[in-house]
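# A closer look at the structure
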Amino acid sequence: MNNGKSKIAGVLIFILVISVVAIPQDIPSPKVTAVFYNTDLIEALNEISLQIGVTILTDQYVTGLVTADFMDEDLEKVLEILLLPGGYSYKKIDENVYFVGLADPKSHNFLNLAELKIFPLKYITTEKFMSLVPDTLQQYIKTNKEANELVVYAPKDKINYIEDLVCQLDKSQPYIELTVYIVETNESSSETIKGNVFNINREGLKNNLYYSYPNIGFSIQNLFEAEIEMYEKTDTANLVTKQTVKVLPGEKATLYLKSLDNILFVSTYRTEFRSLESGIEIEMTPRYLNEILQITFKTKSSNIMDIRRDSYIISESQLETKVNLFPSEVLLVADLDMSQLYSKDGGSSFLKDLPFLRFLFGDKEKRDENKRLMIFLTSSLSDQGDGVK
């Protein structure tokens, strides 16, 4: 009976010993102690290979002189330092085999050095990331635009550098919220409104309002809207529309006040319909710089001046400018004289066809050529949320 127990205990001890041996152990990196002074790089690698008993293979491009002093240093750290001046990379092929070469995707040995890693981008697009990456790294990166991912084929040191760039560049950016107010008024009242807006801006700057993302104190917009309500109650002005758009810094936001007029032209040779576009297009590109919004404005306007049986005249103009907009500021984007926008046929050549403006400018009999159209802009910041959609 005791013999049976002894056999069982022996088997258990054997299994325990086998289990302990089978547990994978972290093998420490070989240590290198060496001094090199203007030593050929190949000779230095061979000396290290003989000293610690590993095989270091090189391609035909490895060359140069090295000077370095190592005392009980890890092998991989030694390789990083020695290969740095020549721009070479290494890869561990096997437990005791390393390959050293030039990390050029055109080289037939590139696959012996490269590893694959995929970096999903959350907040910026692949196009934006690639525009910020040094040219020397772009050769290792492919983009998957559908999934907004970077596919990297590169040696380990290059992958680590690209990973650092992803961490630094792929960060949440606040949306810039642009709010446009279109106010209809008359010539005399427009001057009063400009003066009141000037006072609102002056008070905002005096109170030193500023962006403090993500906690934003931005009361100027409410103050301006209260001013507009006062205008409406006193029949001084009328808020035609309020439109808000969110864009990331550097993106374009466009405000269209346009229409297409289908005109029948008759000539000796043929009769045809043409679509003539008229109106105003305002393109805004905001950037957030040191707590100030810098906005690039591009405006295009066209107006049908005259239409005849077989011809027409269109007046066109373009303007580009940059303005700095404080968060405590209301910007007057445009102050339009309606008498310059009415077509000869009555009504407005473009405003009468817009759903939210038709009731103002579409009726010949109620037309008042003293009317003005004032376009104001305010801004604020808001969280980007879950990132790029």
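Above: the structure in question.
Figured I'd write up the structure that's included with this text. (Residues numbered from 1 in each chain as written. Predicted model: local features only at pLDDT ≥ 70, side-chain atom pairs only at ≥ 80, totals over all residues. Heavy atoms only, no water.)

## Notes on the overall build of the protein chain
- Along its length, the protein chain carries 10 helices and 16 strands.
- Per-residue burial over the protein chain gives 39% buried out of 389 residues.
- Contacts spanning at least 24 positions in sequence make up 67% of the contacts within the protein chain whose residues lie at least 6 apart.
- As presented, the protein chain carries roughly 23000 Å² of accessible surface, and 51% of it is formed by carbon and sulfur atoms. (Helix = DSSP H or I, 4+ residues; strand = E, 2+ residues; numbered from the N terminus. Buried < 20%, exposed > 50% of the residue type's maximum accessible area, 1.4 Å probe, protein only. Contact = heavy atoms within 4.5 Å. Areas by Shrake-Rupley, 256 points an atom, 1.4 Å probe, with all protein chains shown as cover.)

## Digging into the packing of aromatic side chains
- This structure, assessed with the given rule, holds five aromatic pairs.
- Each ring, one from Tyr 90 and one from Tyr 98, has its centre 6.2 Å from the other, and the planes form 50°; the classification is tilted.
- Look at Tyr 90 and you get buried, because its relative accessible area is 14%. (Phe/Tyr/Trp six-rings, centres within 6.5 Å; stacked < 30°, edge-to-face > 60°.)

## A word on the pairing of strand β16 (residues 371–382)
- The buried fraction of β16 amounts to 12 of the 12 residues, a majority that puts the element mostly inside the structure.
- Both faces of β16 are covered, namely the face carrying Lys 371, Leu 373, Ile 375, Leu 377, Ser 379 and Leu 381 and the face carrying Arg 372, Met 374, Phe 376, Thr 378, Ser 380 and Ser 382.
- Relative to β16, strand β15 (residues 331–337) is paired through six bridges, and the arrangement is antiparallel. When the bridges of β16 are listed, Ala 334 appears paired with Ile 375. (Pairing = 2+ DSSP bridges.)

## Section: the sheet that holds strand β10 (residues 237–247)
- Sheet architecture is open: four strands sit in the order β10-β9-β16-β15, paired in antiparallel fashion. Each edge of the open sheet is held by one strand with a lone partner, namely β10 and β15. Across the sheet, the mean angle separating the axes of adjacent strands is 15° when strand polarity is ignored.
- Judged from the 10 bridges that link them, strand β9 (residues 175–186) and β10 form a sheet pairing that is antiparallel. Bridged to Leu 178 within β10 is Val 245.
- In the packing of helix α9 (residues 220–233) onto the sheet, contacts are made with β9, β10 and β16, and the angle to β10 comes to roughly 155°. (Axes fitted to C-alpha atoms, helices over the stretch in contact; angles between N-to-C directions.)

## A closer look at the pattern of salt bridges
- Across all of its chains, the model carries 11 salt bridges by this definition.
- Glu 184 is the salt-bridge partner of Lys 371, the closest N and O atoms lying 3.9 Å from each other. Placement of the pair is Lys 371 in strand β16 and Glu 184 in strand β9, with a sequence separation of 187 residues.
- Among the residues examined, Glu 184 registers a relative accessible area of 11% and is labelled buried.
- Put simply, Glu 191, Lys 194, Asp 335 and Arg 372 are held in one network by salt bridges that share partners. (Salt bridge = Lys/Arg side-chain N within 4 Å of Asp/Glu carboxyl O.)

## Topic: the environment of Thr 33
- Residue position: Thr 33 is located in strand β1 (residues 31–40).
- Through-space distance from the C-alpha of Thr 33 to that of Gln 51 is 8.6 Å; in sequence the pair is 18 residues apart.
- Once you skip the residues sitting within four places of it in the chain, Thr 33 turns out to touch Gln 51, Phe 70, Met 71 and Asp 72.
- A distance of 3.0 Å separates a polar side-chain atom of Thr 33 from the backbone nitrogen of Asp 72. (Polar contact = N/O pair within 3.5 Å; in protein donor to acceptor, adjacent residues only side chain to side chain.)

## Side note on helix α2 (residues 41–52)
- The end-to-end C-alpha distance of α2, which contains 12 residues, comes to 17 Å, matching closely the 16 Å that a straight helix rising 1.5 Å per residue would cover.
- Inspection of α2 places Leu 41, Ala 44, Leu 45, Ile 48, Ser 49 and Ile 52 among the buried residues, and these make up the whole buried set. Considered in projection along α2, the buried side chains sweep an arc of 140° and stay on one side of the axis. Opposite the packed face of α2, turned more than 90 degrees from it, sit the exposed residues Glu 43 and Leu 50.
- On the buried face of α2, the contacting elements are β1, β2 (55–58), β3 (65–74), α3 (75–83), β4 (88–94) and β5 (97–102). (Expected span 1.5 Å × (residues − 1). Arc of directions from axis to C-beta.)

## Description of the packing of α2 against α3
- The N-to-C vectors of α2 and α3 enclose an angle of 175°; their axes lie 11 Å apart at closest approach. The angle between α2 and α3 falls in the class roughly antiparallel. Residues Leu 41, Leu 45, Ile 48 and Ile 52 of α2 pack against Leu 75, Val 78, Leu 79, Leu 82 and Leu 83 of α3.
- The residue inventory of the contact of α2 with α3, partitioned by class, reads nine nonpolar, no polar and no charged. (Parallel < 35°, antiparallel > 145°, perpendicular 65-115°, else oblique. Nonpolar A, V, L, I, M, F, W, Y, C, P; charged D, E, K, R; others polar.)

## Comments concerning a nonpolar patch on the surface
- Where nonpolar side chains cluster on the molecular surface, the patch consists of Leu 116, Ile 118 and Tyr 153 and spans about 300 Å² of accessible area.
- Relative to the helices and strands, Ile 118 is located in strand β6 (residues 115–120). (Patch = residues over 30% accessible without salt bridge, like charges linked within 9 Å, V, L, I, M, F, W, Y side chains within 5 Å.)

## Here we look at the side chain of Arg 372
- Here Arg 372 shows up in strand β16.
- With a relative accessible area of 13%, Arg 372 lands in the buried category.
- Polar contacts involving the side chain of Arg 372 include one to the side chain of Asp 335, which spans 3.0 Å.

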